[in-house]
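Spelled out, the chains give:
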Amino acid sequence: MNITHVLFWFLSVLALFSALMVITSRNPVHSVLWLIVTFFSISGHYILLNAQFLAIVNIIVYAGAIMVLFLFVIMLMNLNKSTEPKKNRWLQVAGGLAGGCLLLVLVAALRDTEIKGKIAQVNDGNIGLIKNLGKELFSTYVVPFEISSILFLSAMVGAVVIGKKE
Amino acid sequence: MPINYYIFLSIALFCIGIVGVLTRRNAIIIFMCVELMLNAVNLLLVAFSKMHYLAKAATDVNTTAGSDGQLFVFFIMVVAAAEVSVGLAIIVMMYRNIHSVDVNFLNRLKH
């Protein structure tokens with residue numbers, strides 16, 4: 001039980017707990033804040049796996065940009081009070097049951113996979129460094145990279161057109 | 001770290017996201033649960049990428065096996081950012097029209 005294991009279990013418990021708090025808290029602002037905690041713990045997992053580029057991008061893009069957008073929309077609509085009416089009790093039970101069944105089926109199916117004993121390398125390996133990923137991104141994946149810029153442009157135009165009055 | 005742990009952690013996060021989508025009525029929280037599911041998949045992709053790299057690095061020291069998985073994660077983040085901008089614009093427009101973000105009011109296609 002070295003420091004890596006301790007960090008792994010701490011980050012896993014933190015991620016699961018804050019994910020549960022996201023779906024159980026009544027106030028949408030609290031949900032957003034707990035989701036930010038989840039994203040930070042997932043970034044911690046990336047750092048543990050030595051995927052430093054993705055860890056930084058996850059913090060900047062998800063916790064920095066997307067969550068601020070969510071918070072901005074919630075504050076704009078003045079939803080920061082628990083106004084959500086009580087849903088039908090049975091629908092909630094059915095939703096929880098359906099998710100639990102999916103969890104059960106997936107765990108049962110993947111409990112004895114053939115990759116069971118394989119190890120995911122932690123704390124080492126330079127595959128996730130910016131240098132290696134950048135070389136790969138701008139040689140093999142340069143066309144999808146350019147296409148994603150067109151996707152961003154169209155998403156920006158779409159958001160402006162949808163959000164415009166009249 | 002055995003790959004099993006990452007598989008089960010990702011499954012648990014994904015199922016929490018699914019339960020959130022099924023039980024909540026606020027459209028913004030449903031959207032946040034979709035982001036949670038995307039992140040669970042991203043974590044699993046990175047873990048598999050490191051597993052693949054470790055298997056290949058035993059024979060070839062400067063191999064680039066496994067960088068595909070991490071680049072897929074990068075592209076998933078790109079698509080998620082575009083999706084969020086359009087989706088939040090749709091939610092804002094919906095709030096402007098029906099003064100609520102409750103998805104149960106959005107059943108007008110039925111009539």
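The structure reproduced in this document is the subject of the present report. Note that the coordinates shown come from a computational prediction; the quantities given were computed from them, not determined experimentally.

With that settled, the discussion passes to the nonpolar core. Core analysis: the biggest nonpolar cluster contains 70 residues, and A:Tyr46, A:Leu54, A:Met67, A:Phe70, B:Tyr6, B:Ile28 and B:Ile91 have the highest contact counts within it. Sorting the residues of this core by element identifies α1 (3-24), α2 (28-48), α3 (52-76) and α5 (130-137) of chain A together with α1 (3-23), α2 (27-57) and α3 (67-98) of chain B as the ones contributing at least two each. The leading source of residues in this core is α3(B), at 14 residues. Ignoring sequence-local partners within four residues, the contact set of A:Leu54 consists of A:Tyr46, B:Val46, B:Gln70, B:Val73, B:Phe74 and B:Met77.

If you look at the interface, chain A gives 81 residues, while chain B gives 71 residues. Here chain A and chain B share an interface that buries about 7,200 Å² over both sides, 77% of which is from carbon and sulfur atoms. The largest per-residue losses of area from chain A upon contact with chain B belong to A:Ile23, A:Phe70 and A:Ile127, which jointly make up 10% of the total buried on that side. Across the chain A-chain B interface, the total number found is 0 salt bridges. Linking chain A with chain B are 6 residue pairs in polar contact (both at pLDDT 80 or more). Among the elements of the structure, α1, α2, α3, α4 (89-110), α5 and α6 (142-163) of chain A are those that each provide at least two residues to the side of chain A that touches chain B. Residue classes in the side of chain A that touches chain B are distributed as 50 nonpolar, 20 polar and 11 charged.

Reading the values: the criteria
- Throughout, residues of each chain are indexed from 1 in the direction in which the sequence is written.
- Numbering of ligands from 1 and lettering of chains from A proceed in the order in which they are written.
- For a predicted model such as this one, the threshold for reporting local features is a pLDDT of at least 70, and the threshold for listing and counting side-chain atom pairs is 80 or more; totals across whole chains, interfaces and linings nevertheless cover every residue.
- The basis for every side-chain value is the complete set of heavy atoms in the structure, and neither hydrogens nor water enter the calculation.
- What we call a nonpolar core is a set of buried Ala, Val, Leu, Ile, Met, Phe, Trp, Tyr and Cys residues that are connected through their side-chain atoms within 4.5 Å.
- Relative accessibility decides the category of a residue: with a 1.4 Å probe and only protein chains considered, values under 20% of the type maximum give buried, values over 50% give exposed, and everything between is partly exposed.
- Strands here are runs of E lasting at least two residues and helices are runs of H or I lasting at least four, both read from the DSSP assignment and numbered beginning at the N terminus.
- Working rule for contacts: check all heavy atoms of both residues, and any pair within 4.5 Å makes them a contact.
- A quick way to say it: buried area is the sum, across both parts, of accessible area lost when two parts are put together, with a 1.4 Å probe.
- Each reported salt bridge corresponds to a side-chain nitrogen of Lys or Arg within 4 Å of a carboxyl oxygen of Asp or Glu.
- Whenever a nitrogen or oxygen atom comes within 3.5 Å of another N or O atom, the pair is scored as a polar contact, on the condition that within protein one atom can donate a hydrogen and the other can accept it, and that pairs from neighbouring residues in sequence are kept only if both atoms are in side chains.
- For this scheme, ten residues count as nonpolar: Ala, Val, Leu, Ile, Met, Phe, Trp, Tyr, Cys and Pro. Four count as charged, namely Asp, Glu, Lys and Arg, and the remainder, Gly too, count as polar.

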